[in-house]
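So the chains spell out like this:
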Amino acid sequence: MKNDVTRFVYVTFIRTTPDRLWSALTTPTFVKQFWFGMTIETEWKAGSPWKLLFPDGRVADAGEIAAFDPPTRFVIKWRNEWKPELKAEGFSHCTFELEPFDDVVKLSVTHEIGIADSKLIQAVSGGWPQILSNLKSLLETGEAALKNSVGKH
């Protein structure tokens, strides 16, 4: 039932190494720098619980690490926890894939859910470009591109 899947795909090329990008995506102190002060809590292994916390400690999203294959791919089973209409959609999956490409790393992020016209995917399609632009800028220049939190624009 391909028609019942809503998917957002973001691909960017970052001037860094696969190991450095992998570390940036999985190190809580680095994540906080590009994800607008958000904190990730997990053990980073398949089957581990995963939480994304707002700066004030409230749970934004939660789930579990569905797959973890350093330094090329990980998948998060992901559910929004703070907006009732998004939480009601249940779990989505977000896949991060890193691939060396010439002198850069190709990062592909695919966020999908088995629901047609998902409100969650509509919401993340606005957030992921901001978050991943910050990640790219931080790795390439040492400074995040955007200072305001996701959803303020």
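Keep in mind that what you see is a predicted model, and the values were worked out from it rather than measured. (Residues numbered from 1 in each chain as written. Predicted model: local features only at pLDDT ≥ 70, side-chain atom pairs only at ≥ 80, totals over all residues. Heavy atoms only, no water.)

Caption draft 1: Representation of helix H4 (residues 119–141) in the model. Across its 23 residues, H4 extends 34 Å between first and last C-alpha, which sits within 8% of the 33 Å expected from 1.5 Å per residue. Of all bends in H4, the biggest is about 30 degrees, found at Gly127, and the proline Pro129 comes one to four residues later. Sitting at the amino-terminal end of H4 is Ser118, which places a side-chain oxygen 3.1 Å from the backbone nitrogen of Leu120. Looking one or two residues past H4, Gly142 carries a phi angle of roughly 90 degrees, positive in sign. (Helix = DSSP H or I, 4+ residues; strand = E, 2+ residues; numbered from the N terminus. Expected span 1.5 Å × (residues − 1). Bend = angle between axes of the 7 residues up to and from the residue. Polar contact = N/O pair within 3.5 Å; in protein donor to acceptor, adjacent residues only side chain to side chain.)

Caption draft 2: Representation of the packing of aromatic side chains. Taken as a whole and assessed by the stated rule, the structure comprises 16 aromatic pairs. Centroid distance Phe34 to Trp35: 6.3 Å. Interplanar angle 25 degrees. Geometry classified as stacked. Judged by relative accessible area, which is 1%, Phe34 ranks as buried. Both rings, one in Trp50 and one in Trp78, keep their centres 4.6 Å apart while their planes meet at 40 degrees; by these two values the pair is tilted. (Phe/Tyr/Trp six-rings, centres within 6.5 Å; stacked < 30°, edge-to-face > 60°. Buried < 20%, exposed > 50% of the residue type's maximum accessible area, 1.4 Å probe, protein only.)

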